[in-house]
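Close look at the chain arrangement
These are the residues of each chain, in order.
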Amino acid sequence: MLLVFLYFLVLYFVLLTNVSRSPLFAPTNSTVLGTGNRSAMVFMATLPWIIALATKNNLISTFTGIPYERLQIYHRACSRISLSLILMHAVIKLKASTSMAKDWRRWGIGAFIFAGALFVTSHRNGMQWCYQVFVHLHAPLVAGLFVSTYLHTVNTPLAHVVQPLLLASATLWAIDMLQRWVQLIYLNALYRPRAADVSTSRMTILSPGMLRVEMTKPGLQKWLPGSHVYLFSPPFLGVSPFWQSHPFTIASVSEERSAHQITSGSTGGEKRKYGHKSRKYANGSMELQSLRQSEVNEEQLPAESPKHNRVFSTDTEADTSTEVSGQSKLVFLIKKRKGFTKKLYEAAQMGKSSRLLVYGPLSPPVSYLSSYETLVFFAGGSGVSWTLPLLLDACRNQSKNYRMTRQIFWIWSVTNSEHMHWIESELTQALSTDIAQVTVDIRIHITQETAHSRDAPRAWEEVVPSSSKSNSRQRAPWIIQGRPDVYGLMSSAVESAGGRIWIGVSGPESLQLTVRSAVRDWIDPSAVWRGEAKGDLTLHCESFGW
Ligand SMILES: Cc1cc2nc3c(=O)[nH]c(=O)nc-3n(C[C@H](O)[C@H](O)[C@H](O)COP(=O)(O)OP(=O)(O)OC[C@H]3O[C@@H](n4cnc5c(N)ncnc54)[C@H](O)[C@@H]3O)c2cc1C
């Protein structure tokens, strides 16, 4: 906010002071030859900057490490400040004369209309109402603004200032587009004659409204946990007659990043029994209501829980590995909404396969997790696609990348116990890892039906490494009835922490707000001042939106 305010001050300072000796920008003149022209020139000067803040491949991200999506807010704020400059320019010019006789005047009005349309279509409310209008109109409207601005000034004394700035902006945009296309072709191996084979994805309906999409891409073998990619649906090959591109988080981890072999779930064998029936949190505010899976009387269980069969699948076999013939598999958990996701879902229902291209990986925002002693993850519903790969990565690379980490709390809320099967194979992998130096506490909250530990995939209990064979601190997940007590969990995490704490949350807004508020209660700058790392909390909210 402060940065945006400073930016505003600088622009208006330049606007209201003498920036040029040219009579075209006379400082004392508050009309056409003064502020009227200066506001247009200040707007032009901001244009390359606005474009740089909008592009996915940009120098600002390259040099600062700030992911492109974190720059969107600055792109939006700077664009709005610039719009105020265009407005000022238009009002002053139209006040001087409303004649439409000249071409440059008509093109000026055209540029103003394009700028206005950009504002309306990219407004948050407009985007939420129909994102596709924004996606499909944004670039054409920007192109329209560029062309009309060029024609507005081409035969005027300002052309020599305007044209290089337009060229710079268009070049930044073109470089970004070129990079994207080159990456798209490379990642999806579109240069190969039988590229179509590589781009076919496998879709499985996990539960009503939730889809799992899997694919391998020869060009995309390495990504950091928490990264997202754009899924492109090419016209007439994918699920829609139009180009569609949507961001989705990769719920799997890259095989190349893994330094440790996972112990095989099915062969890892021996079951481990736990004695706890319930457990009090540090502040006593919450008590677990469920039994551990291991405490359920095996004889009471049917050989195959009927719920296990309620996974709707368009596939004949369930492939649970994340590696396919030496290639890392990209897994996405996609919640059905009203547009592209609905079309994908319907295609899966009909048993169709879709050709989806990927572009990315983009923005791993949490690569610094390893420097925290305690990691706390909260997820709700499909938000698990962000916290799951982070957990998997922490389990697999504990001794390599997470040497500082001592405890992990991983909490996931779902409405229905059936949803546990969404992540059956991935969580099985996490649980099957021998964890010697980190305590991993996994809790799954079932909010809208009776939770029972026997509904959890059997594999989770079976793969937990045997204490007799290893020093592992791995435990089977707790299955808990009701919403998580975020305050209780936070207090438990902070009380038991011996160092810095990182909290990540993804999922519904209400969960994010509760976690924010709980974290606020525990942030204690004076503790940090006293040298107690416990008060040092970092919160990361992943909202799956801009
Ligand atoms: C970084 C990031 C990671 C994401 N990861 C996941 C994930 O792992 N699983 C998941 O289910 N969803 C994820 N999403 C959300 C997902 O991108 C949208 O749900 C999807 O684009 C909706 O498509 P639709 O056409 O069906 O949407 P619509 O029904 O048309 O709209 C639903 C909502 O999605 C928003 N939206 C639509 N298209 C886009 C788009 N191209 N980019 C951003 N927002 C859009 C709209 O503003 C609207 O609020 C993620 C979003 C972001 C920004």
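Please read all numbers here as calculations on a predicted model, not as lab measurements.

Across its full length, the protein chain holds 17 helices and 14 strands. Taken over 546 residues, the protein chain has a buried fraction of 50%. Taking as baseline every contact in the protein chain between residues at least 6 positions apart, the subset at least 24 positions apart corresponds to 79%. When the accessible surface of the protein chain is totalled, it reaches about 25600 Å², and 59% of it is carbon and sulfur.

What follows is about the nonpolar core. The biggest cluster of nonpolar side chains holds 40 residues, and the ones touching the most others in it are L391, W410, W412, I423, L427 and I444. Elements that contribute at least two residues to this core include exactly β6 (327-335), β9 (374-380), α12 (384-396), β10 (407-414), α13 (424-431) and β11 (439-446). Broken down by element, this core gets its largest block of residues, 8 residues, from α12. Of the domains in this structure, domain 2 (195-258 + 312-362) and domain 3 (265-310 + 366-542) are the two that each give at least three residues to this core. In contact with W410, other than residues within four places in its own chain, are F377, V384, T387, L388, L391, I423, D441, I442 and R443. If you look at the next biggest cluster of nonpolar residues, it comprises 32 residues, including L11, L53, A77 and L118.

The subject of this paragraph is the packing of helix α1 (residues 2-16) against helix α4 (residues 72-96). The contact between α1 and α4 brings their axes to 10 Å, and the two run at 25°. Taken together, the axis directions place α1 and α4 in an arrangement best described as roughly parallel. Our pair here, α1 against α4, has a crossing hand that is right-handed. Two secondary-structure elements touch here, α1 through L3, V4, Y7, F8, L11, Y12 and L15 and α4 through Y74, A77, C78, I81, S84, L85 and M88.

What follows concerns the site of the ligand. Near the ligand you find 22 residues, and of these H246, P247, R337, K338 and T341 are the closest. T341 has a polar side-chain atom sitting 2.4 Å from an oxygen atom of the ligand. Against a free-state accessible area of 860 Å², the protein chains account for coverage of 89% of the ligand. Among the secondary structure elements, those contributing two or more residues to the shell around the ligand are α6 (124-129), α7 (131-153), β4 (244-249), β6 and α11 (340-349). Sort the elements by how many residues they give to the shell around the ligand and β4 lands first, with 5 residues.

A few words on the sheet that holds β4. Read across the open sheet, the 3 strands follow the order β4-β3-β8; overall the sheet is antiparallel. At either end of the open sheet lies a strand with only one pairing partner, and these are β4 and β8 (357-362). Neighbour-to-neighbour, the strand axes of the sheet open up by a mean angle of 25°, direction not taken into account. As paired elements, strand β3 (residues 228-233) and β8 share 4 bridges and run antiparallel to each other. Note on β8: the bridge partner recorded for Y230 is Y359. Here helix α8 (residues 159-187) sits on the sheet in contact with β3 and β8, set at roughly 115° to β8.

A few words on the packing of aromatic side chains. One pass over the structure, following the stated rule, counts 8 aromatic pairs. Both rings, one in W412 and one in W422, keep their centres 5.9 Å apart while their planes meet at 55°; by these two values the pair is tilted. One end of the pair, W412, is in strand β10; the other, W422, is in the loop between β10 and α13, with 10 residues separating them in the sequence. No difference in accessibility class separates W412 from W422, as the two residues are buried. The rings of F377, W386 and W502 are connected pair by pair, giving a single aromatic cluster. Positioned above the aromatic ring of Y372 is the side chain of R500, whose terminal nitrogen or guanidinium carbon lies 4.2 Å from the ring centre.

Time to look at the sheet that holds β9. Pairing within the open sheet is parallel, and its 6 strands lie in the order β12-β11-β10-β9-β13-β14. The sheet terminates laterally at β12 (478-481) and β14 (537-542), the two strands that pair on one side only. Direction aside, neighbouring strands of the sheet carry axes that sit 15° apart on average. Sitting on the sheet, helix α15 (residues 486-496) is in contact with β9, β10, β11, β13 (501-506) and β14, with an inclination near 170° to β10.

Turning to its location among the elements, T514 is positioned in helix α16 (residues 509-522). Along the sequence, T514 and D485 sit 29 residues apart, while their C-alpha atoms lie 9.6 Å from each other. Residues in contact with T514, not counting those within four places in the same chain, are V486 and Y487.

Conventions we followed
- Within each chain, residues carry numbers counting from 1 in the order of the written sequence.
- Given that the model is predicted, a residue must reach a pLDDT of at least 70 before its local features are reported, and side-chain atom pairs must reach 80 or more before they are shown or counted; all residues, however, enter totals for whole chains, interfaces and linings.
- No hydrogens and no water enter the side-chain calculation; it runs on all heavy atoms of the structure.
- Put simply, DSSP marks the helices as runs of H or I at least four residues long and the strands as runs of E at least two long, and each gets a number from the N terminus on.
- Relative accessibility decides the category of a residue: with a 1.4 Å probe and only protein chains considered, values under 20% of the type maximum give buried, values over 50% give exposed, and everything between is partly exposed.
- Should any heavy atoms of two residues lie within 4.5 Å, those residues are counted as being in contact.
- Note on areas: Shrake-Rupley, 1.4 Å probe, and residue coverage restricted to the protein chains presented here.
- What makes a nonpolar core is a set of buried Ala, Val, Leu, Ile, Met, Phe, Trp, Tyr and Cys residues whose side-chain atoms join them at distances within 4.5 Å.
- Residue ranges labeled as domains rest on an automatic or database domain assignment.
- Between the N-to-C directions of two axes lies an angle of 0 to 180 degrees, each axis being a line fitted to C-alpha atoms and, for a helix, fitted only over the stretch in contact.
- An angle counts as roughly parallel when it lies under 35 degrees, as roughly antiparallel when it exceeds 145, as roughly perpendicular when it falls between 65 and 115, and as oblique in every other case.
- A crossing counts as left-handed when the near helix is turned anticlockwise from the far one by less than a right angle, and as right-handed when that turn is clockwise.
- A molecule or strand has a residue near it when one of that residue's heavy atoms lies within 4 Å.
- Contacts described as polar in this section are N or O atom pairs within 3.5 Å, which, within protein, must combine one atom able to donate a hydrogen with one able to accept it, while residues neighboring in sequence count only if both atoms come from side chains.
- Any two strands between which DSSP finds at least two bridges are classified as paired.
- The pairing test for Phe, Tyr and Trp rings, Trp by its six-membered ring, is centres within 6.5 Å, and the orientation test on the planes gives stacked under 30 degrees, edge-to-face over 60, and tilted for anything in between.
- Comment: the charge-over-ring label is applied if NZ (Lys) or CZ (Arg) is within 6 Å of the ring centre and within 35 degrees of the ring normal.

Note that all results are geometric; they support no functional claim without further evidence.
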